[in-house]
Amino acid sequence: MIFTIAWREFRSLFLSPLAWAILAVLQLILGILFFYILIVVYGPNQDKYALMEGWPGATLIILPNFLTLAAFLLLLVVPLLTMRLISEERRAKTLTLLFSAPISMTEIVLGKYLGVMLFLLLVLALVALMPLSLLLGGRIDLGVVFAGLFGLALTLASFAAVGLFISTLTQHPTVAAIASFGALLCFWLLDVSVQGTGLVAYLSLFNHYQPFLQGVFDTADAAYHLLLIVTFLTLSVRRLDADRLGIA
């Protein structure tokens with residue numbers, strides 16, 4: 001049943017212009033950013049970089065900059081995808097139909113979450129084409145590329161989990177989108193607020209995304225994302241349970 005709900009959510013995204021508009025605008029903006037980094041930032045300075053002691057290679061110059069910008073851009077986009085997951089069901093009075101169906105709240109949450117993740121994986125595949133296109137003109141460090149893409153996938157999964165939970169709290173998709181963006185921005189910038197130290201900085205999404213961009217796979221960073229995802233999905237299930245029982 002989880003996969004049925006997921007496929008339904010994935011298909012419903014493409015029944016509206018929203019998904020197509022997001023894909024088109026994302027590719028346009030990311031294409032411009034990638035071209036800018038490649039031609040303006042890296043291109044004129046490649047001879048200077050090559051003379052540097054301990055030259056890390058073109059991949060570590062281009063990829064971190066590009067994927068950092070991609071992650072921040074997607075931080076703006078994911079709330080637009082998650083805002084309607086539950087809030088739209090509540091506003092349309094169809095949430096009670098889901099509650100009466102022979103499925104658990106966990107199946108509902110996981111199904112809707114996987115539906116959004118299918119779309120985000122499609123976005124990730126399109127993002128991956130840009131750094132991989134460098135293979136047409138030379139060699140790149142594929143280990144760094146795939147580590148960075150894996151980190152971006154975990155970050156997007158965390159974004160979606162937070163957005164889904166906030167969608168369970170309201171019947172207004174616009175409110176859910178704004179609140180999700182605010183929450184994700186706070187998670188992203190926590191390290192800035194405390195200058196990168198302490199427990200608060202540990203909660204920063206950016207701090208656990210940055211090592212992947214350098215080609216470093218740290219199980220602690222992966223565990224952070226998994227814990228964040230499980231926490232917000234669990235909160236979403238509990239929220240729906242409370243709605244079903246008439247507690248909230």
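Here the structure is a predicted model, which is why all the values come from computation and not from measurement.

**Some details on the overall build of the protein chain**
Phase 1: Of regular secondary structure, the protein chain possesses 12 helices and zero strands.
Phase 2: N-terminal to C-terminal, the α/β element order of the protein chain is α-α-α-α-α-α-α-α-α-α-α-α.
Phase 3: For the protein chain, restricting intrachain contacts to residue pairs at least 6 apart in sequence, the fraction spanning at least 24 positions comes to 77%.
Phase 4: Element-wise, carbon and sulfur atoms account for 71% of the exposed surface of the protein chain, whose accessible area totals about 12,300 Å².

**Quick look at empty space enclosed by the protein**
Phase 1: Taken as a whole and judged by the stated rule, the model has one cavity of 30 Å³ or more.
Phase 2: Every residue along the wall of the largest cavity is listed here: A58, T59, I62, L63, P131, L134, I140 and V145.
Phase 3: Ranked by residue count, the leading element in the lining of the largest cavity is helix α4 (residues 59-82), at three residues.
Phase 4: When the residues that make up the lining of the largest cavity are grouped by side-chain class, the tally is seven nonpolar, one polar and no charged.

**Comments concerning the packing of helix α1 (residues 2-13) against helix α7 (residues 105-132)**
Angle between the axes and distance between the axes: these two values describe a pair of packed helices.
Phase 1: Remark: α1 packs on α7, axes separated minimally by 7 Å, with the N-to-C direction vectors making an angle of 45°. Looking at the two axes, α1 sits oblique to α7. Of the two elements, α1 crosses α7, and the hand of that crossing is right-handed. In contact with I2, F3, I5, A6, R8, E9, F10 and L13 of α1, α7 contributes E107, I108, L110, G111, K112, L114, G115, L118 and F119.

**Here we look at the pattern of salt bridges**
Phase 1: Under the counting rule described, the total for this entry stands at nine salt bridges.
Phase 2: Across the pair E9 and R8 runs a salt bridge, and its minimum N-O distance is 3.3 Å.
Phase 3: Judged by relative accessible area, which is 3%, E9 ranks as buried.
Phase 4: Between K112 and E89 there is a salt bridge, with the nearest N and O atoms lying 3.0 Å from each other. One end of the pair, K112, is in helix α7; the other, E89, is in helix α5 (residues 87-91), with 23 residues separating them in the sequence. Here the two residues K112 and E89 agree in accessibility, since each one is buried.

**As for helix α12 (residues 219-244)**
Phase 1: Relative to the 38 Å expected for 26 residues at 1.5 Å per residue, α12 spans 37 Å between its end C-alpha atoms, a close match to the ideal helical length.
Phase 2: Where α12 begins, the side chain of D218 points an oxygen toward the backbone nitrogen of A220, at a separation of 2.9 Å.
Phase 3: Phi for G246, located one or two positions after α12, is positive at around 75°.

**A few points about the packing of α7 against α12**
Phase 1: Between α7 and α12, the least distance of the axes is 9 Å, while the angle of their chain directions is 130°. For the element pair α7 / α12, the angle class is oblique. In this structure, the crossing between α7 and α12 has a hand that is right-handed. Residues M105, T106, I108, V109, L110 and Y113 of α7 pack against I229, L233, S236, V237, L240, D241 and R244 of α12.
Phase 2: Its residues assigned to classes, the contact of α7 with α12 comprises nine nonpolar, two polar and two charged.

**Some words on the nonpolar core**
Phase 1: Core analysis: the biggest nonpolar cluster contains 72 residues, and L67, Y113, F119 and L152 have the highest contact counts within it.
Phase 2: Residue assignment for this core shows that the elements contributing at least two residues are α1, α2 (17-42), α4, α6 (95-100), α7, α8 (142-167), α9 (173-193) and α12.
Phase 3: Here the element with the most residues in this core is α8; it accounts for 14 residues.

Calculation criteria
- Residues numbered from 1 in each chain as written.
- Predicted model: local features only at pLDDT ≥ 70, side-chain atom pairs only at ≥ 80, totals over all residues.
- Heavy atoms only, no water.
- Helix = DSSP H or I, 4+ residues; strand = E, 2+ residues; numbered from the N terminus.
- Contact = heavy atoms within 4.5 Å.
- Areas by Shrake-Rupley, 256 points an atom, 1.4 Å probe, with all protein chains shown as cover.
- 1 Å grid on protein atoms, 1.4 Å probe; cavity = no way out; pocket = protein on both sides within 12 Å on 5 of 7 lines; lining within 4 Å.
- Points joined across faces, edges and corners; volume = space filled by probe spheres on them.
- Nonpolar A, V, L, I, M, F, W, Y, C, P; charged D, E, K, R; others polar.
- Axes fitted to C-alpha atoms, helices over the stretch in contact; angles between N-to-C directions.
- Parallel < 35°, antiparallel > 145°, perpendicular 65-115°, else oblique.
- Left-handed = near helix turned anticlockwise from the far one by under 90°.
- Salt bridge = Lys/Arg side-chain N within 4 Å of Asp/Glu carboxyl O.
- Buried < 20%, exposed > 50% of the residue type's maximum accessible area, 1.4 Å probe, protein only.
- Expected span 1.5 Å × (residues − 1).
- Polar contact = N/O pair within 3.5 Å; in protein donor to acceptor, adjacent residues only side chain to side chain.
- Core = buried A, V, L, I, M, F, W, Y, C linked by side-chain atoms within 4.5 Å.

This is a description of form; function is not addressed.
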